[in-house]
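This is what each chain is made of:
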Amino acid sequence: MPGALYFATHSPVWRGGRAFYDPAAAGTVLARAHLVTAAQFSDIVAQEMYRDPGADLDLSEALTRGRAELGSGRYETLVCPGVLDGVPVLTFTAPWSLDDVEWTRPSAAYLRHLVAGLLDAGAWPASGIAAYLAACPGAAGHWTADAVAALTAGR
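Before going into details, it helps to say that this report is about the structure given with it. Every value quoted in this text rests on a predicted model; they were computed, and no experiment measured them.

### Details of the nonpolar core
In step 1: Membership of the largest hydrophobic core comes to 37 residues, with the highest contact counts inside it found for Leu 5, Phe 7, Leu 78, Leu 111, Tyr 132, Leu 133 and Val 148.
In step 2: Put simply, the parts of the chain that give this core at least two residues each are β1 (4-11), β2 (16-22), α1 (38-48), β4 (77-84), α3 (108-121) and α4 (126-135).
In step 3: Filtering out sequence-adjacent residues up to four positions away, Leu 5 remains in contact with Ala 19, Phe 20, Val 29, Tyr 132, Leu 133, Cys 136 and Pro 137.

### Concerning unusual backbone geometry
Note: most residues except glycine have negative phi, and most peptide bonds are trans.
In step 1: Positive phi is not limited to glycine here, since Arg 15 has a value of about 60 degrees.
In step 2: Relative to the helices and strands, Arg 15 is located in the loop between β1 and β2.
In step 3: Looking at Arg 15, the relative accessible area reads 68%, which means it is exposed.

### A look at the pattern of salt bridges
In step 1: Under the criterion given, the structure shown has 4 salt bridges.
In step 2: Taking the shortest distance from any N to any O, the salt bridge between Asp 120 and Arg 32 comes out at 3.8 Å. Residue Asp 120 is found in helix α3, and its partner Arg 32 is found in the loop between β2 and α1; the two are separated by 88 residues along the sequence.
In step 3: A salt bridge links Arg 67 to Glu 69; the nearest nitrogen and oxygen atoms lie 3.4 Å apart.
In step 4: Classification of Arg 67 by relative accessible area gives partly exposed; the value is 28%.
In step 5: What makes Glu 69 partly exposed here is its relative accessible area of 48%.

### Topic: the environment of Glu 69
In step 1: As for its placement among the helices and strands, Glu 69 is situated in strand β3 (residues 67-69).
In step 2: Each residue touching Glu 69, except ones within four places of it in the same chain, is listed here: Glu 76, Thr 77 and Pro 95.
In step 3: Reaching out from Glu 69, the side chain makes a polar contact with the side chain of Arg 67 at a distance of 3.4 Å.

### Some remarks on the packing of α3 against α4
In step 1: Packing of α3 against α4 brings their axes to within 10 Å, and their N-to-C directions diverge by 140 degrees. Relative to α4, α3 is oriented oblique. Considering the relative orientation of α3 and α4, their crossing is right-handed. In this structure, α3 contributes Leu 111, Leu 114, Val 115, Leu 118 and Leu 119 to the contact, and α4 contributes Ala 126, Ile 129 and Leu 133.
In step 2: Of the residues in the contact of α3 with α4, the class split is 8 nonpolar, no polar and no charged.

### Quick look at α4
In step 1: Residues of α4 that are buried include every one of Ile 129, Ala 130, Tyr 132, Leu 133 and Ala 134, and no others.
In step 2: Where α4 is buried, its residues contact β1, α3 and α5 (145-150).

### What about the sheet that holds β4?
In step 1: Pairing in this open sheet of 3 strands is antiparallel, and the strands run β3-β4-β5 from one edge to the other. Strands with a single pairing partner mark the edges of an open sheet, and in this sheet they are β3 and β5 (87-93). In this sheet, adjacent strand axes meet at a mean angle of 20 degrees when their direction is disregarded.
In step 2: Packed onto the sheet, α1 meets β4 and β5 and runs at close to 10 degrees relative to β5.

### Side note on the environment of Ala 4
In step 1: By the secondary structure assignment, Ala 4 is in strand β1.
In step 2: A C-alpha to C-alpha distance of 8.0 Å links Ala 4 and Leu 98, two positions 94 residues apart in sequence.

The rules behind the values
- Residues numbered from 1 in each chain as written.
- Predicted model: local features only at pLDDT ≥ 70, side-chain atom pairs only at ≥ 80, totals over all residues.
- Heavy atoms only, no water.
- Core = buried A, V, L, I, M, F, W, Y, C linked by side-chain atoms within 4.5 Å.
- Buried < 20%, exposed > 50% of the residue type's maximum accessible area, 1.4 Å probe, protein only.
- Helix = DSSP H or I, 4+ residues; strand = E, 2+ residues; numbered from the N terminus.
- Contact = heavy atoms within 4.5 Å.
- Salt bridge = Lys/Arg side-chain N within 4 Å of Asp/Glu carboxyl O.
- Polar contact = N/O pair within 3.5 Å; in protein donor to acceptor, adjacent residues only side chain to side chain.
- Axes fitted to C-alpha atoms, helices over the stretch in contact; angles between N-to-C directions.
- Parallel < 35°, antiparallel > 145°, perpendicular 65-115°, else oblique.
- Left-handed = near helix turned anticlockwise from the far one by under 90°.
- Nonpolar A, V, L, I, M, F, W, Y, C, P; charged D, E, K, R; others polar.
- Pairing = 2+ DSSP bridges.

Right, dumping it as structure tokens:
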């Protein structure tokens, strides 16, 4: 999908930068899609926003305008970058752009998790995924493609 992936802020769980999507940035984002219901998506978003799950979100603005800001924090902006197999693609990110925030180095565990998810999609070779993630803002200069690839060696 169009845009850019970058790492910023600090995850206490992953102990490093979190992945964010800037749909307005130049580039292409490798992504994995999961077919979920609107209620399931609402619960996932609520959990990522540290809110209680259970309330369905109004997705109409994101679906019609391509974007809806539910708050000013991380993962509180819904984005619909397009349609896949006739189904709208929805994701969540921060309201800021990649140039508006300090980039943060992602942890090995987080990169391993991202690589595994992209590999499971079956669309890209491991070397391509490793090179892609190593080049993303926040990871670039801290991770090499070889170092990212080594995280999942023997997988």
